[in-house]
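Letter by letter, the chains look like this.
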Amino acid sequence: MSLCIQRLTLQRVKSLGTPLAMLASLLLAGCAGDKSILDPAGQAARDVAMIWWVMLSFGTVVLVLVTAFWLYTFKRKEVTRTPAEERKIARRWIIGGGIVLPVASITALLAFGVPTGQRLLALPLGEPPEVIEVIGHQWWWEVRYPGAEGGEVVTSNQLIMPAGEPVDFHVTGADVIHAFWVPRLGGKIDMIPGRVNKIRLEADEPAVFGAQCAEFCGAQHAQMQLYVEAVARDEYEAWLANRQIDELSALAENDQQHEPAREAFMTHCASCHRIAGLSSGGEGPDLSDLGSRTSLGAGIMAMEEGAVTRWLQRHQDLKPGNKMPPHDDIETATLESLGAWLETLTP
């Protein structure tokens, strides 16, 4: 349902009274947004939304009919039947309502839904589509671009993809089972440790989408969010080029102003976090382009001036249970300089 339809509907409902308008506002609030399946932005998402509408409509019809029959039983006149007639009627209900109706319903839904699921599979195409690898961690996202010219590009908690063309996502889990889900682009798929699952999604045009882990994966499952942005092909290639190892290495090495912060990073952080040209740690999120991201902690807080320092000082309060150790042994001034430097890592 489009935003225009929502506005028109609300205008009509307002004339019926404030309580009804408030109820309609709450119901329609889920019809749009960066994580609404009812606001599809790709063919796969439109197919999924259509299945949802069909199932909702069918379920509503069944509910209405069953309710009508139930109410009818209270008002119908009592009829005397022989045992044979009772058994005959019972057989009709068992065969019709217990066998024929479920089989026909499930067959129709499968005939409608299976082709949709087939279109989400990463089947061979004439020209191989772009491949993006996504790895789920507790509780953050690792995103890899193995096909980038000049070497693999790695980032975290953000996913940039080309718009207007199919993209194959190869997903897996690093620790427990997660699930990759971009509601406005299509269905969800499990991320299972030791196994690579594949799903094909496509964004109609450049836009920003919200994504979420859709499989309970621990205490911070709800705080495992992913920023997804579809951009034009030339902008996508430029984004990849700016994140080549050589470009990022030059950025990190030529910044003499933050030399003490770099030394602090190598002492306290390099064993877990990678920064291209400086460290190769892989336990925590890649920080090579941290300053260009929209949020910290997989959606916990917005990226703004001073945000990295606040995260370093209070990360266990902001996201309890994350694997990053407390920094009680590091002086506040050192954390502030480290945070200021990390915010400059913008290709």
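Residues numbered from 1 in each chain as written. Predicted model: local features only at pLDDT ≥ 70, side-chain atom pairs only at ≥ 80, totals over all residues. Heavy atoms only, no water.

An unreviewed UniProt entry lists the protein under the name Cytochrome aa3 subunit 2, from Halomonas campaniensis. Entered under Function (unreviewed entry) in the UniProt record, the comment concerning the protein runs "Subunits I and II form the functional core of the enzyme complex. Electrons originating in cytochrome c are transferred via heme a and Cu(A) to the binuclear center formed by heme a3 and Cu(B)." (UniProt positions renumbered as here; feature names shortened; annotations may be inferred.)

A.B. asks: Tell me about the pairing of strand β6 (residues 178–181), residues and numbers included.
C.D. replies: Of the strand pairs in this sheet, β6 and strand β7 (residues 189–191) are connected by 3 bridges, and their pairing is antiparallel. Within β7, the position partnered with Phe-180 by the bridge is Ile-189. In this structure, β6 lies alongside strand β9 (residues 207–213), joined through 2 bridges in antiparallel fashion. Across the sheet, the residue bridging to Phe-180 is Cys-213, located in β9. (Pairing = 2+ DSSP bridges. Helix = DSSP H or I, 4+ residues; strand = E, 2+ residues; numbered from the N terminus.)

A.B. asks: Quick rundown of the sheet that holds β9? Include the residues and the values.
C.D. replies: In spatial order, the strands read β4-β10-β9-β6-β7; together these 5 strands make up an open sheet with mixed pairing. Strands at the two margins of the open sheet, each flanked by one partner only, are β4 (158–162) and β7. The average angle at which neighbouring strand axes cross in this sheet is 30°, direction not considered. Here β4 pairs with strand β10 (residues 225–231) via 5 bridges, running parallel. Of the residues in β10, the one forming a bridge with Ile-160 is Glu-229. Most of the contacts of helix α5 (residues 233–241) go to β4, to which it runs at about 135°, and overall it touches β4 and β10. (Axes fitted to C-alpha atoms, helices over the stretch in contact; angles between N-to-C directions. Contact = heavy atoms within 4.5 Å.)

A.B. asks: Account for the confidence of the model for the protein, with residues named and values stated.
C.D. replies: Model confidence for the protein is summarised by a mean pLDDT of 84, while 87% of its residues fall at 70 or above. Here residues 1–10 scores under 50 on pLDDT; set against residues more than four positions off or in separate chains, the count is 13 contacts. (pLDDT = per-residue confidence, 0-100.)

A.B. asks: Talk me through the packing of aromatic side chains; I want residue IDs and the actual numbers.
C.D. replies: For the coordinates displayed, the defined rule picks out 8 aromatic pairs. A ring pair is formed by Trp-141 and Phe-180, whose centres lie 6.3 Å apart and whose planes are at 70°; its orientation type is edge-to-face. Placement of the pair is Trp-141 in strand β2 (residues 140–145) and Phe-180 in strand β6, with a sequence separation of 39 residues. Here the two residues Trp-141 and Phe-180 agree in accessibility, since each one is buried. Measuring from ring centre to ring centre gives 5.2 Å for Phe-169 and Phe-180, while their planes differ by 40°; the resulting arrangement is tilted. Taken together, the residues span a long stretch of sequence, with Phe-169 in strand β5 (residues 167–173) and Phe-180 in strand β6 at a distance of 11 residues. (Phe/Tyr/Trp six-rings, centres within 6.5 Å; stacked < 30°, edge-to-face > 60°. Buried < 20%, exposed > 50% of the residue type's maximum accessible area, 1.4 Å probe, protein only.)

A.B. asks: Explain helix α8 (residues 307–318) to me, using residue names and the numbers behind them.
C.D. replies: With 12 residues, α8 extends only 12 Å from end C-alpha to end C-alpha; this falls clearly short of the ideal 16 Å at 1.5 Å per step. Buried residues in α8 make contact with β13 (295–296), β14 (301–302) and α9 (332–342). (Expected span 1.5 Å × (residues − 1).)

A.B. asks: How would you summarise the packing of helix α3 (residues 43–75) against helix α4 (residues 83–119) if you had to cite specific residues and measurements?
C.D. replies: Where α3 meets α4, the closest approach of the two axes is 9 Å, and the angle between their N-to-C directions is 170°. With respect to each other, α3 and α4 are oriented roughly antiparallel. Regarding α3 and α4, the two cross each other, and that crossing is right-handed. Across the interface between the two elements, Asp-47, Val-48, Met-50, Ile-51, Val-54, Met-55, Phe-58 and Phe-69 from α3 touch Trp-93, Ser-105, Leu-109, Phe-112, Gly-113, Thr-116 and Arg-119 from α4. Looking at the contact of α3 with α4 residue by residue, the classes come out as 10 nonpolar, 3 polar and 2 charged. (Parallel < 35°, antiparallel > 145°, perpendicular 65-115°, else oblique. Left-handed = near helix turned anticlockwise from the far one by under 90°. Nonpolar A, V, L, I, M, F, W, Y, C, P; charged D, E, K, R; others polar.)

A.B. asks: Describe the nonpolar core, naming the residues involved and giving the relevant values.
C.D. replies: Of all hydrophobic cores here, the largest spans 38 residues; its most connected members are Ile-132, Val-134, Tyr-145, Leu-159, Met-161, Phe-169 and Phe-180. The dominant element in this core, judged by the number of residues it contributes, is β10, at 4 residues. In this view, Val-134 contacts Trp-141, Glu-142, Leu-159, Phe-169, His-170, Val-171, Thr-172, Phe-180 and Met-191; residues no more than four positions away in its chain are not counted. Counting 21 residues, the second largest nonpolar core, distinct from the first, contains Ala-261, Ile-275, Leu-312 and Met-324. (Core = buried A, V, L, I, M, F, W, Y, C linked by side-chain atoms within 4.5 Å.)

A.B. asks: Give me the lowdown on the pattern of salt bridges, citing residues and values where you can.
C.D. replies: All told, the structure shown has 14 salt bridges when counted by the stated rule. Close ionic contact of Glu-237 with Arg-233 constitutes a salt bridge, the shortest N to O distance being 3.6 Å. Of this pair, Glu-237 and Arg-233 both sit in helix α5, 4 residues apart, which is roughly one turn of the helix. With a relative accessible area of 44%, Glu-237 lands in the partly exposed category. A salt bridge links Glu-304 to Arg-310, with the shortest nitrogen-to-oxygen separation between them at 3.0 Å. When its relative accessible area of 46% is taken as the criterion, Glu-304 is described as partly exposed. Taken together, the shared-partner salt bridges connect Glu-130, Glu-165, Arg-233 and Glu-237 into one network. (Salt bridge = Lys/Arg side-chain N within 4 Å of Asp/Glu carboxyl O.)

A.B. asks: So what about the side chain of Ser-36? Which residues, and what values?
C.D. replies: With respect to the helices and strands, the residue Ser-36 is situated in the loop between α2 (18–28) and α3. The class for Ser-36 is buried, based on a relative accessible area of 5%. Only 3.1 Å separates the side chain of Ser-36 from the backbone nitrogen of Leu-38, close enough to count as a polar contact. (Polar contact = N/O pair within 3.5 Å; in protein donor to acceptor, adjacent residues only side chain to side chain.)

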